[in-house]
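Residue-level listing of the chains:
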Amino acid sequence: MSGFSVFPVEGIPELHEGDDLAALILERISLEENDVVVVAQKAISKIEGRVVRLDDLEPSDRAIDIAAEGNEDPRRIEAILREAKRVVRLRPPLVICETQHGFICASAGVDASNTGELGTLILLPLDPDGSAVQLRRELLERSGRDVGVVITDSFGRPWRQGTTDVAIGAAGVVVLEDLKGRHDPDGYELHATVIAVADEVAGAAQLASGKLGRVPVTIVRGLDLRGEGRATDIPVPPELDLFR
């Protein structure tokens, strides 16, 4: 079994709405066929204008009540409530939400860290799978290389401490590898095994990029992960969710 490499794309500047991320990547790295370009969600959100100012948010009564319980800024809570499809659990200041995409995460993905400007919040992309498709297309047109793209964010996990990066957008890569019906080396038939490949790629990339270094793009090279699928297919459907 061959190995693979994971390395950050250094030198990408602070991003703003309208920036050409594909050009910034290709100015700094020569892509190879089957590379997977892993991009932090905040990079996509910034270039797509998914940034809001706290001063532009008028908190609702519900946001004010939640904020008071957790000694929080009610404007931030208001941003979370606007982004949430539903509130799953509430223990102020922690607000666990289901996003419009179907992800279950803290604060509906609203984040005040690494925004590039104090007094602003970054929201999740409206369509992270679509964002991945667009970036993949631009990279192919300009480099001639057929690469995969995975867009990531840091999520907590039920029953486990700490966060890890997971895929919230994907294009051109296997997202879920279904091994049901395959046999292990002992001949046992697998009945329920599905590998979250895109999430594994996201976690590997985070190890190389780090959390605080403001490195928004990482390359995973040496694996053939070509395939189809959407990161929004990863959340467990409601009818199969034992904990909903």
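This text gives an overview of the structure that appears in the document. Being a predicted model, the structure only gives us computed values, none of them experimental.

1. Regarding the packing of aromatic side chains
Throughout the structure, instances matching the rule amount to 1 aromatic pair. With a centroid separation of 6.1 Å and an interplanar angle of 75°, the aromatic rings of Phe-103 and Phe-155 are classed as edge-to-face. Taken together, the positions of Phe-103 in the loop between β5 (94–99) and β6 (104–106) and Phe-155 in strand β8 (residues 148–157) put the pair 52 residues apart, joining distant regions of the chain. With respect to burial, Phe-103 and Phe-155 carry one shared label: buried.

2. Details of helix α3 (residues 61–70)
Among the residues of α3, Ala-63, Ile-66, Ala-67 and Gly-70 are the ones counted as buried. One side of α3 carries all its buried residues, which in axial view fall inside an arc of 100°. Exposed side of α3, more than 90 degrees from the buried face: Asp-61, Asp-65, Ala-68 and Glu-69 are the residues found there. Taken together, the buried residues of α3 touch α4 (74–83), β4 (84–91) and β5.

3. With respect to the pattern of salt bridges
This model, assessed by the stated rule, comprises 17 salt bridges. With a shortest N-O distance of 3.4 Å, Glu-32 and Arg-221 are connected by a salt bridge. You can see Glu-32 sitting in the loop between α1 (21–26) and β2 (36–40) and its partner Arg-221 sitting in strand β12 (residues 217–221), a full 189 residues away along the chain. Looking at Arg-221, the relative accessible area reads 15%, which means it is buried. With a closest N to O distance of 3.0 Å, Lys-42 and Asp-111 form a salt bridge.

4. Quick look at the side chain of Ser-107
Structurally, Ser-107 can be placed in the loop between β6 and β7 (120–122). The exposure class of Ser-107 is buried, given its relative accessible area of 11%. Discounting chain neighbours no more than four positions away, the residues touching Ser-107 are Arg-76, Ile-80 and Val-95.

5. Some thoughts on the sheet that holds β2
The strand order across the open sheet built from 5 strands is β1-β12-β2-β8-β9, with neighbouring strands paired in mixed fashion. The open sheet has two free edges, formed respectively by β1 (5–8) and β9 (160–171), since each of these has just one partner strand. Within the sheet, the average angular offset between the axes of one strand and its neighbour, ignoring direction, is 30°. Judged from the 4 bridges that link them, β2 and β12 form a sheet pairing that is antiparallel. Residue Val-39 lies in a different strand from β12, and its bridge partner there is Val-217. Strand contacts of helix α5 (residues 128–143): β2, β8 and β9, with the helix running at about 55° to β9, the strand carrying the most contacts.

6. Brief notes about the sheet that holds β5
Strand pairs in the sheet, formed through backbone hydrogen bonds, run parallel or antiparallel to each other. The strand order β4-β5-β6 describes an open sheet built from 3 strands, whose pairing is antiparallel. Among the strands making up the open sheet, the edge pair consists of β4 and β6. Between one strand and the next, the sheet's axes are offset by a mean angle of 30°, whatever the strand orientation. Here 6 bridges tie β4 to β5, and the two strands are oriented antiparallel to one another. Considered in β5, the bridge of Ala-84 is made with Thr-99.

7. Overview of the side chain of Glu-83
Within the element layout of this structure, Glu-83 appears in helix α4. Among residues more than four places away in sequence, those in contact with Glu-83 are Arg-50, Thr-99, Gln-100, Ala-108, Val-110 and Leu-123.

8. A few points about the environment of Val-95
With respect to the helices and strands, the residue Val-95 is situated in strand β5. Setting aside residues up to four positions removed in sequence, Val-95 forms contacts with Ile-66, Ile-77, Ile-80, Val-87, Arg-89, Leu-90, Cys-105, Ala-106 and Ser-107.

9. Considering the pairing of β8
Counted residue by residue, β8 has 7 buried out of 10 residues, so it is predominantly covered. Bridging between β2 and β8 involves 5 bridges; their strand directions are parallel. Each residue of the ladder has a partner; that of Val-37, found in β8, is Val-149. Where β8 meets β9, 9 bridges bridge the pair, whose relative direction is antiparallel. Within the sheet, the bridge partner assigned to Val-150 lies in β9 and is Ala-170. Linking two consecutive strands that pair antiparallel, namely β8 and β9, is a turn of 2 residues; a positive phi of about 70° is found at Trp-159 within it.

So, how was this worked out
- Residues numbered from 1 in each chain as written.
- Predicted model: local features only at pLDDT ≥ 70, side-chain atom pairs only at ≥ 80, totals over all residues.
- Heavy atoms only, no water.
- Phe/Tyr/Trp six-rings, centres within 6.5 Å; stacked < 30°, edge-to-face > 60°.
- Helix = DSSP H or I, 4+ residues; strand = E, 2+ residues; numbered from the N terminus.
- Buried < 20%, exposed > 50% of the residue type's maximum accessible area, 1.4 Å probe, protein only.
- Arc of directions from axis to C-beta.
- Contact = heavy atoms within 4.5 Å.
- Salt bridge = Lys/Arg side-chain N within 4 Å of Asp/Glu carboxyl O.
- Pairing = 2+ DSSP bridges.
- Axes fitted to C-alpha atoms, helices over the stretch in contact; angles between N-to-C directions.

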